[in-house]
Each structure stands twice: as C-alpha cells, then as structure tokens.
Amino acid sequence: WGPQEVGGTQAEWNRLIHPNDLAANDAAYLRHAQGEVDTYEHVYRARCRDGSWRWVQERGRIVERHADGRPRRMVGTQTDITEPLRAREALDIARQEAAVSAAANRTKTEFLSRMSHELRTPLHAVLGFAQLMEIDAAEPPTATQRRRLGLIRDAGAHLLQMISELLDLTRIEAGGLALAHETVALRALTAQTLEMMHTQADAVGVTLALQPAAGDAPPDDEVLACGDTTRLRQVLLNLLGNAIKYNRRGGQVWVSLSTAEPCSVQLMVADTGMGIAAAELPHVFEPFRRGRHVRSDIDGAGIGLAVTQALVQAMGGHIEASSREGEGSRFVVTLPAAPPTPPPSVPAP
C-alpha cells in the first residue's frame, strides 16, 4: 500500500486484518490496555493491495496515558513473517512425513521379517521332501520325476533367495542391519568366493579369474579394506552371480583389486557378457528393475544389485557400473582402506 492509502486510525487498519483474525487481535490489545500483560503482541493475516494475504507479527506497548488512565500514545512494530512461517510449516510437514515414513518402514520390516519366517518354514519342508524323493531307494523316481523334482528344488531355492534379499533390503533401509567394522583381506576373500562360484560358472561354460595386482605391486600383495566380511562376501557373490548369469558360453569373468587412493581400495568385477543397454544403465541399482530381462528365462527378481549398493554404502563405500551392450559390464566397488597396522613397539634397553 502507498503511504496515504491505508489511513491513520485503528478502524481503518482493521479493514486490512483478516475477518477471522480481527476478534483475537482486538482481544490481545485489550489485555495489554487493561494492564493484564506488559506488552501487546499478536500474529494475524493482513490483506495486500493485490488482494493476497501476508502474515504480520504486531508488537507494541502503551507509553503514555491520559489522566484517567485511557491510552494516549502507543509505539510498536509490524513485521512481515510470511516466509519464515512458510518455511517453518514446510519443515513441520517434512518432519511429519519423515516420521510417517519411518513408522511405515518399521512396520514393513516387521511384516517382512515375520512373513519371511512363515514362508521359509513351509519352503524348507517342500525342498526337504523333494530331496527325500530324489534319494528314495525303496521307490526311486523315474527320469521324468527326477527332472520335475529338480525344478521344484530350483524354484524353491530361487524363492528363498528372493525372500532373503528382500528382507536384507528392508533392514538396510530401516537402519536395522548390524554391520561389523573390521579389517578385511580382499584378495583372500575374493579367492574363497571365486572357489564357491566355480561350479555355477562351469555349468554354463564361463571361466573365472582373479587378476594380479596392478602396477609394481607383487601379484599376491594383499589389499586391506574396512568393512564387514560376511556382507562383503555377499556383495561379491551378487556381482559374480550376475556376471555369470548374464554371460555367454565361453565367456569370462575376472576380479581385480587395487589401491585407489591412500584412504580407499577398489574391487572390480568385469565380464564379457551381453552387457547393459545405455537406457537401462542409470537404473541398474533400482529394486525390481530388470529391463529387457523381465520376460527372459534368466532367473531373478531385480533385487540383488539394489541390496549390493545398499550394503556397500552402509560400509562407507560406493559402487559404479559401466557397460557396453554386447561387450560386457564392469562394476567397481570403492571401500575405505583399513588403517595401517602400527609397527610393534620396541622396549627400551
């Protein structure tokens, strides 16, 4: 408003106060005028010249009265607090949404934890009976029955893996997954994990290899990372499993280790498989995204890489993917390096 557009009386100013705030504004003034409070203060909405409303914080004090006690002069300030109020309101909404989200995550984790137990119990029974039927000497299964029993076992094992991965993902998201902070010998861990995957790789004609250390380091020089041994093994199993699964007969998978910087180490899993399309690459770590493989006969639910990324990040690292369709893929995991072991102290002579 221009200086002469509002007027100089309280009645004229009252025309700008929101009708719903007017009574409370008058009551706040009267409490001060009658000596109930030392200062007058009230927050209300005031109408702008363009018809919009702004929040105003009005503070004042009677500094002079007539002989009969009636207020004669009052001084005070009016402050536009619209933006701070909006910011506070947005913050309150964000806090409420975060609290609702956290509660939903806890509920989801508890539900999945219970459901995983309820699903695993009958699944183990199904798998156990299938194995018993396969080795039944009294009534040995026919070749056709043996094949069908194998399908039952494969489907059951796949479902168990999906349940475990989904439960891991929800635990990580809810912050309920406990991780150890220990020194992990990556070369030894990688060699053990490759040995575990040889049977799966041999079945599809894929070769596995652990590359020598890069640069001038000795071929068997150990690379030490800070992390959780069990979860790092899970990361390696997921990456190697994908590298084998999405490869081709006669293909290769190799793992290389290196010291990226003084404070970090890198683990790379590369393959000569079918690769990932450029449009799909930005989404490889999103859960339940399988891209073009969603209708393929390759087993998977699209959870493994999401779990892998979450585990790596929970250990203070990060993972990156690169690929060329038809040529293969590379996944590079960067982890904090383990602190150097202090030399043994030498006793004083």
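Just so you know, the residues in each chain are numbered from 1, in the order the chain's sequence is written. Reporting of local features is limited, given that this is a predicted model, to residues whose pLDDT is at least 70; pairs of side-chain atoms are given and counted only at 80 or more, and all residues count toward the totals for whole chains, interfaces and linings. By convention in this description, side-chain values take in all heavy atoms of the structure and omit both hydrogens and water.

Draft legend 1. Geometry of the overall build of the protein chain. When its secondary structure is counted, the protein chain shows 7 helices and 10 strands. Taken against the 2.2 N^0.38 rule, which gives 20 Å for 349 residues, the C-alpha radius of gyration of the protein chain at 34 Å runs more than 25% over that of a compact globule. Note on exposure labels: buried denotes an accessible area under 20% of the residue type's maximum, exposed denotes more than 50%, and partly exposed covers the range between, all computed with a 1.4 Å probe on protein chains only. Here the protein chain, with 349 residues, has 33% of them falling under the buried criterion. Throughout, a contact is declared for two residues whenever any of their heavy atoms are within 4.5 Å. Restricting to contacts in the protein chain with at least 6 residues of sequence separation, those with at least 24 account for 64%. Accessible surface computed for the protein chain: about 21,400 Å², of which carbon and sulfur atoms make up 55%. Neither His nor the chain termini are counted; the positive set is Lys and Arg, and the negative set is Asp and Glu. Charge positions are represented by NZ for Lys, CZ for Arg, CG for Asp and CD for Glu. Side-chain charges of the protein chain comprise 36 positive and 42 negative groups, with the mean position of each set lying 5 Å from the other. Secondary structure is summarised from DSSP: a helix means a run of H or I of at least four residues, a strand means a run of E of at least two, and numbering begins at the N terminus for each. Put simply, the radius of gyration uses C-alpha atoms, and a globule should come to 2.2 Å times the residue count raised to 0.38. Only the protein chains shown count as covering a residue, and every accessible area follows the Shrake-Rupley method with a 1.4 Å probe.

Draft legend 2. Inspection of the packing of helix α6 (residues 229–245) against helix α7 (residues 304–314) at higher detail. For every element, the axis is a line fit to its C-alpha atoms; helices are fit only across the contacting stretch, and the angle between N-to-C directions ranges from 0 to 180 degrees. Where α6 meets α7, the closest approach of the two axes is 10 Å, and the angle between their N-to-C directions is 145 degrees. Here α6 runs over α7; the crossing is left-handed. From α6, R231, Q234, V235, N238, L239 and N242 reach across to α7, where they touch G304, L305, V307, T308, L311 and V312. Residues are grouped as follows: Ala, Val, Leu, Ile, Met, Phe, Trp, Tyr, Cys and Pro are nonpolar; Asp, Glu, Lys and Arg are charged; all remaining types, including Gly, are polar. Across the contact of α6 with α7, the residue classes break down as 6 nonpolar, 5 polar and 1 charged. Each helix crossing is assigned a hand: it is left-handed if the near helix lies turned anticlockwise from the far helix by less than a right angle, otherwise right-handed if that turn is clockwise.

Draft legend 3. The arrangement of the sheet that holds strand β1 (residues 40–47) in detail. Any two strands with at least two DSSP bridges between them are considered paired. Spatially, β1-β2-β3 is the arrangement adopted by the 3 strands of the open sheet, whose pairing is antiparallel. Both edges of this open sheet fall to β1 and β3 (71–80), since each of them pairs with a single strand only. Taken pair by pair, the neighbouring strands of this sheet meet at an average axis angle of 35 degrees, ignoring direction. Strands in contact with helix α2 (residues 19–33) are β1, β2 (53–65) and β3; relative to β1, the strand with the most contacts, it is inclined by about 160 degrees. Across the face of the sheet, helix α3 (residues 82–134) comes into contact with β2 and β3 while running at roughly 125 degrees to β2.

Draft legend 4. A look at the side chain of S329. Mapping S329 onto the fold places it in strand β10 (residues 328–336). Setting aside its immediate chain neighbours within four residues, S329 contacts V269, A270, D271, G275, I276, S322 and S323.

These values are about where atoms sit, not about what they do.
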